[in-house]
Amino acid sequence: MTTIKLHNTRTRGKEVLDPLNPDDVRLYLCGPTVYDRAHLGNARPVVVFDVLYRLLRHVYGTNHVTYARNFTDVDDKINATALARKEAGAPGTLEELVQERTEETISWYLADMGELGALEPDHMPRATAYIPQMIAMIEDLIAKGHAYADGAGHVLFSVKSYKDYGALSGRSVDDMIAGARVEVADNKRDPMDFVLWKPSTDELPGWDSPWDRGRPGWHIECSAMSHELFGDSFDIHGGGNDLMFPHHENEIAQSCCAHPEGDFAKIWLHNEMLQVEGKKMSKSLGNFFTVRDLLDQGYPGEVIRLVFLQTHYRKPMDWTDKKAKEAEATLRKWRVLTTGIEPAPTAAAAVIEALSDDLNTAGALAELHKLASTETAADLLTSARLLGLLTDDLGTWAQDEDHDLSHYENKLFEARQLAMETKNFAEVDRLKSTLVDAGVEVRMSKTGVELVPGPSFDASKLDAI
Ligand SMILES: [Zn+2]
C-alpha cells in the first residue's frame, strides 16, 4: 500500500500516516462562518483538503474515508448582517433573518466550492444542530475542574488547568499573551481564559442552558462536533495557519480535557495564507476577491484550482492574473490532448508518489506536464483527475475552444486593408472593440490577424459584429 507522509504541525516534522482504523480514515477541516461569500483565501484549505481527501480515497478506498467540514452558523457577524437587513426594512423577526442569511450563505458556499471542483465532505455539521452536545461538553469540563461559570451567563475555560496549552503552535502562554490581543475582563480568573458559553439577548439566537439562555463560543463547536462524529481520537485535523492560535489550541485544550483518554487529532495540517499580486488581500487595497467575483470575471473554477495547486500548501501562495492565463493555456492544451481518450485504469505512479509526499501538488503537476509532453494522454487524464482536474464536471468552460474565429479574422483583416487605403479606421476600431468586449485577444501583424479567446470569452457578444 502507498505510504502517505504528512507534515504534522504538532511534531514539526513529516510523519507516516498510520490511520487508527484503515477502514475508516477520518479527517476534519474547520469550515466557514456563514455570514458572507467565501473569499479567495477561504478557498485554499478547501482545495488543499479536497486533494488530500481524493488521495486518501485512492489509497484506502472510496468508502473508507470520512471527511467532515463544519458550518459555523451562530456568530456575531451573522447576527450583525441580519440586524442590518432588519434595519433596512426586511420583513421577519431577527431570528428568521439570521436563519435566512445562513441558509443563503451555505448555498453560495457549496456552489462556489463546487465550481472549484471540491467534492462535498461526507459530513457538513452545522453548529446549531449540536448545541446539546456542546452544553454536555461544557458541563463535563466544569465537573472536571477545567471550566467555570461566572454567575452572569458566561462559562470560561481555565487555560492554566491544561498544562500542554500552546504545544501545537510551540509558544509559551506568556508569549501568547504578549503576541495576541487578549481581552482582559473582570469575569476571567486569568487573561488567557476563553469563552465556552455566553448570554444571548431575547431577540438574538439563543438556547436554554444551565447558565441561562445563551449561545456557544466558537471554539467549543469543533470540539463537540468532531467528538460526536469521530469519537475521542481521529486521524487528521486541518485549517489555515491563522487558526492555529487561538482556535486550534483551544479546541485541543477542550477536547483533551473533556476526553483525556483520547488523542483528539493525531496529525495537524495547516495551510499558509494567500496573497493577490504580491500583496495581502484587503478591501482597502482593492484586491479583495470572493471566489464568486473571480468566477464572474470569467476565470473558470478549474483554472483557479490549478493556480492554487501550483504552490505547496505550506508555502504562501500568490494569486496573479499571469498565473491564471498560463493555467488556462495549460488546461486548454491538456483538454485537447485528452478529448475522446479512455482514462488509464490508475494514476501514474510518479503522480501518486508526489502527492503522498506531504501533498506535493507542484511535483505532481510537473509529472502531468511530462505526461502531456510525451502525449501519454490516458495516463494524463487519470492522473489529473486524482488532483480534481480534467473532470467532466469542470470542463464546460473549455468547450468553446472549438469556436472558429477565422470568419472574424478575415473580416478584421479586410477592414484593415480597406482602412489603409481610405485612412478611415472607424470600422477597424469598432470590430476590435467588439472583439475585446467579447473576451477575445486581438493580435495584429503586417501579414495577418490572429484572434485568441481569453478566459472571459463570450461568443454571444460576437453577434454585434
Ligand atoms: Zn475549528
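Residues numbered from 1 in each chain as written. Predicted model: local features only at pLDDT ≥ 70, side-chain atom pairs only at ≥ 80, totals over all residues.

- As annotated in an unreviewed UniProt entry, the chain carries the name Cysteine--tRNA ligase and comes from Phaeobacter porticola.
- Under the heading Subunit (unreviewed entry), UniProt records this for the chain: "Monomer." (UniProt positions renumbered as here; feature names shortened; annotations may be inferred.)

A closer look at the overall build of the chain
Here is step 1 of the chain: Assigned secondary structure in the chain consists of 15 helices and 15 strands.
Here is step 2 of the chain: By its C-alpha atoms, the chain is 90 × 60 × 40 Å across when sized along the principal axes.
Here is step 3 of the chain: Relative to its full complement of 465 residues, the chain shows a buried share of 42%.
Here is step 4 of the chain: Contacts in the chain between residues at least 24 apart in sequence constitute 72% of all its contacts with a sequence separation of at least 6. (Helix = DSSP H or I, 4+ residues; strand = E, 2+ residues; numbered from the N terminus. Buried ≥ 20, exposed ≤ 12 C-beta atoms within 10 Å, placed from the backbone. Contact = placed C-beta atoms within 7 Å.)

Brief notes about the pairing of strand 10 (residues 264-271)
Here is step 1 of the chain: The element strand 10 is extensively covered by neighbouring structure, given that eight of its eight residues are classed as buried.
Here is step 2 of the chain: As defined by bridge partners, strand 9 (residues 233-240) adjoins strand 10 across seven bridges and the pair is classed as parallel. Looking across to strand 10, one finds that His237 is bridged to Trp268.
Here is step 3 of the chain: What joins strand 9 to strand 10 is helix 7 (residues 244-258), and the crossover it makes is right-handed. (Pairing = 2+ DSSP bridges. Right-handed = clockwise from strand over helix to strand, strands pointing away.)

Points about the packing of helix 9 (residues 301-309) against helix 10 (residues 321-338)
Here is step 1 of the chain: Close contact between helix 9 and helix 10 brings their axes to 9 Å; oriented N to C, the two are set at 110°. Our classification of the angle between helix 9 and helix 10 gives roughly perpendicular. Between helix 9 and helix 10 lies a crossing whose hand is right-handed. Facing Glu302, Val303, Leu306 and Val307 of helix 9, the residues of helix 10 in contact are Lys323, Ala324, Ala327, Glu328, Thr330 and Leu331.
Here is step 2 of the chain: Considering only residue class, the contact of helix 9 with helix 10 consists of six nonpolar, one polar and three charged. (Axes fitted to C-alpha atoms, helices over the stretch in contact; angles between N-to-C directions. Parallel < 35°, antiparallel > 145°, perpendicular 65-115°, else oblique. Left-handed = near helix turned anticlockwise from the far one by under 90°. Nonpolar A, V, L, I, M, F, W, Y, C, P; charged D, E, K, R; others polar.)

Points about the nonpolar core
Here is step 1 of the chain: Counting 111 residues, the largest nonpolar core has Val51, Leu52, Ile138, Leu196 and Val351 as its most contacted members.
Here is step 2 of the chain: At 13 residues, the largest contribution of residues to this core is made by helix 1 (residues 40-60).
Here is step 3 of the chain: Counting contributing residues per domain, this core is built from domain 1 (17-274) and domain 2 (298-400), each supplying no fewer than three.
Here is step 4 of the chain: Residue contacts for Leu52: discarding those within four places in its chain leaves Leu27 and Leu359.
Here is step 5 of the chain: Of all hydrophobic cores here, the second largest spans nine residues; its members include Leu405, Tyr408, Leu435 and Phe457. (Core = buried A, V, L, I, M, F, W, Y, C linked by C-beta atoms within 7 Å. Domains from an automatic or database assignment.)

With respect to the UniProt feature "binding site: ATP" (unreviewed entry) in the chain
Here is step 1 of the chain: As annotated in UniProt, the feature "binding site: ATP" (unreviewed entry) corresponds to Lys283 in the numbering used here.
Here is step 2 of the chain: You can see Lys283 is positioned in the loop between strand 12 (279-280) and helix 8 (291-296).

Concerning helix 3 (residues 94-115)
Here is step 1 of the chain: In this model helix 3 runs 32 Å from its N-terminal to its C-terminal C-alpha over 22 residues, within 8% of the 32 Å that 1.5 Å per residue would give.
Here is step 2 of the chain: Every buried residue of helix 3 is listed here: Leu97, Val98, Arg101, Thr102, Thr105, Tyr109, Asp112, Met113 and Glu115. Buried residues of helix 3, viewed axially, fall in a sector of 155°; they line one side. Opposite the packed face of helix 3, turned more than 90 degrees from it, sit the exposed residues Glu103, Glu104, Ser107 and Ala111. (Expected span 1.5 Å × (residues − 1). Arc of directions from axis to C-beta.)

Description of the packing of helix 4 (residues 131-143) against helix 7
Here is step 1 of the chain: Remark: helix 4 packs on helix 7, axes separated minimally by 9 Å, with the N-to-C direction vectors making an angle of 70°. In terms of their interaxial angle, helix 4 and helix 7 are classed as roughly perpendicular. Packed against helix 4, whose contacting residues are Met137, Asp140 and Leu141, the element helix 7 presents Gln254, Cys257 and Ala258 at the interface.
Here is step 2 of the chain: Considered class by class, the residues forming the contact of helix 4 with helix 7 number four nonpolar, one polar and one charged.

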